[in-house]
Amino acid sequence: MGQAVIDTVVGLGLYKIKLTYNLAPLEKELTELKKQADEFDALLETAQDTAATLLQGRDDARDGLDAVVEQWKQALEDAASELAPILPPPNSSPSVGDDAEAELATALFDAINEKRGTAPALNRESTLDSAIKTLLYTLAPSGRSSDTRLTAVDRVRQAGYDCDQGVGAQTVVTFGASSVEAAVATMLKNIRNKEAIENEDFTVGGAAYLYWQNNPYTYFWGVILTAPNPDPDPVPAPFDPSTKKDPADDAAKKSSDELEKIEVPKLDDFQPEQLGEASAAYGKAVAEYNAAQDAVDKLNVDKETRDTRIAVLEKIKTVVATPIHAWACQQLPEYAVGATVSTAEAPGWYDKLGRPTSVMMGDPPTAYDYSEYDVNVLPQANTTGQLRNAEIMSDALVFVNIALEPGHFKWKPLWRYGTLTAQTEATFTVELPLLNARTMLSFGADMKLDANHTLTSVPNLGCGPLSVGDDVLVQFTGHNRDTPTILGKRREPRACEEGRIGWQEIVNTG
């Protein structure tokens, strides 16, 4: 039994009502889901950027592994011919201003410009040199082939360069190549790198080279490409990457062991363990990318699940806000629009499917068509609670209610509809229709709710006259099958007889 708000007074005891549900849990869940939906686009973009970075890192690691193989082969050939391998100055931790590295970085930048095709030559910016150099210094000691903590735009901003965020930025790195020509050739093998290098929207860039002996790749090359902000901000917002939420990066980190500096034999030891280190780095890059992509896929699945759930909850709100027709079981003074009333849902649950029905109303009588539901408006002395939707209850609570319902309505009945078949002085015989429990669970199937379908000596607690053949609303006082009473008519209640009052009025007046 629940409550409702009067929406429309049709007349003669017929109303349009809006059933009142406890929607607080629904509104709370809907608010949280919509908040997640609002955050989704930014979260997905961040995760996709991370996955793309890790994909590039995976490909770079693959190219680096190939380059290490070539280094080892070349070293063996040089040793066989007693030629010293051609290496940059053997600094294990060179300074940013090292002349040899600066010359190779300049040669790399010039070589990239030559590969721009029809795109104009890039202008070189020292702040962008620092941005890409910082990335190489991050990767070399870590053994990683990518760093997902910052996007290319983040790196540009962190270096202090005001870039056009509509154009964006992109880093292009490669490992293991022992010459500028080999580095550029490796970069261009990757379609994403090639598209970035030939992108006409990129007009400025920076380049860097790093030699790191204690890394299986040894040689690190990189460029960063972007465009200046056409409408520079006089006071750029400070860059703070610490607040960025990134499920793809979290997943990638979980798939990788704690980062440690790689200790490998020197190249001139001619030991193949260096190949194992490069292979391990490639395997790590593959695992990190796969984990990040799984996180992106999960975000999309979560979005689909969330959108479906939001649609379900919104539909519930629409349905409960839709008025339905209901008869008062007694023709008492009319309730005003907006009044809260108690309702009976016979036999104890609310069936959302209405039945097309027609009643003659007015003077002269005319047909009034409406949908009839198994709901009646009760006299005010009846105190009831609020309905709840199963869709917003916990699975456990729904199961408990489903499991208890057949037995509850059989042994602890409250409402039934019945038909008057006989009358003695002040009581009636009521015939109950055959009614089975709802078949939501197999053990409730075909359970008859009423062992005895004939109720005798049933008193009428309403004030309106009743006749044999009337459909009535029966209430079992105290949920006791032995104490049935008639509250009033199922539909079209009659006015109280002159001089007679119902028990409800006695209760209300004390």
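Check the entry above for the structure.
Residues numbered from 1 in each chain as written. Predicted model: local features only at pLDDT ≥ 70, side-chain atom pairs only at ≥ 80, totals over all residues. Heavy atoms only, no water.

Q: I tried to follow the sheet that holds strand 12 (residues 427-431) on my own but got confused; where do I start?
A: Within a sheet, each strand pairs with its neighbour through backbone hydrogen bonds, oriented either parallel or antiparallel. On the basis of which strands lie adjacent, the open sheet formed by 5 strands has the order 13-12-11-14-15 and antiparallel pairing. Edge positions in the open sheet fall to strand 13 (454-459) and strand 15 (484-489), since each of these has one partner strand only. Averaged over all pairs of adjacent strands, the angle between their axes in this sheet comes to 45°, without regard to strand direction. Examined bridge by bridge, strand 14 (residues 471-476) and strand 15 share 5 bridges and lie antiparallel to one another. Paired with V474 across the strands is I486, a residue of strand 15. (Pairing = 2+ DSSP bridges. Helix = DSSP H or I, 4+ residues; strand = E, 2+ residues; numbered from the N terminus. Axes fitted to C-alpha atoms, helices over the stretch in contact; angles between N-to-C directions.)

Q: Even after reading the chapter, I still don't get the packing of aromatic side chains, so can you show me in this structure?
A: By convention here, two paired aromatic rings are described through the distance between centres and the angle between planes. With the rule as written, the count across this model stands at 11 aromatic pairs. Ring geometry for Y350 versus Y373: centroids 6.3 Å apart, planes at 40°, classification tilted. Here Y373 lies in strand 10 (residues 366-377) and Y350 lies in the loop between strand 8 (340-345) and strand 9 (355-361), a separation of 23 residues in the sequence. For the ring pair Y368 and Y370, a centre distance of 6.2 Å and an interplane angle of 25° mean the geometry is stacked. What makes Y368 partly exposed here is its relative accessible area of 26%. Classification of Y370 by relative accessible area gives buried; the value is 6%. By way of ring pairs, the aromatic residues F175, Y217 and F220 are connected into one cluster. Sitting over the ring of W411, K410 keeps its end group 5.1 Å from the ring centre. Positioned above the aromatic ring of F476 is the side chain of R481, whose terminal nitrogen or guanidinium carbon lies 5.9 Å from the ring centre. (Phe/Tyr/Trp six-rings, centres within 6.5 Å; stacked < 30°, edge-to-face > 60°. Buried < 20%, exposed > 50% of the residue type's maximum accessible area, 1.4 Å probe, protein only. Lys NZ or Arg CZ within 6 Å of the ring centre and 35° of its normal.)

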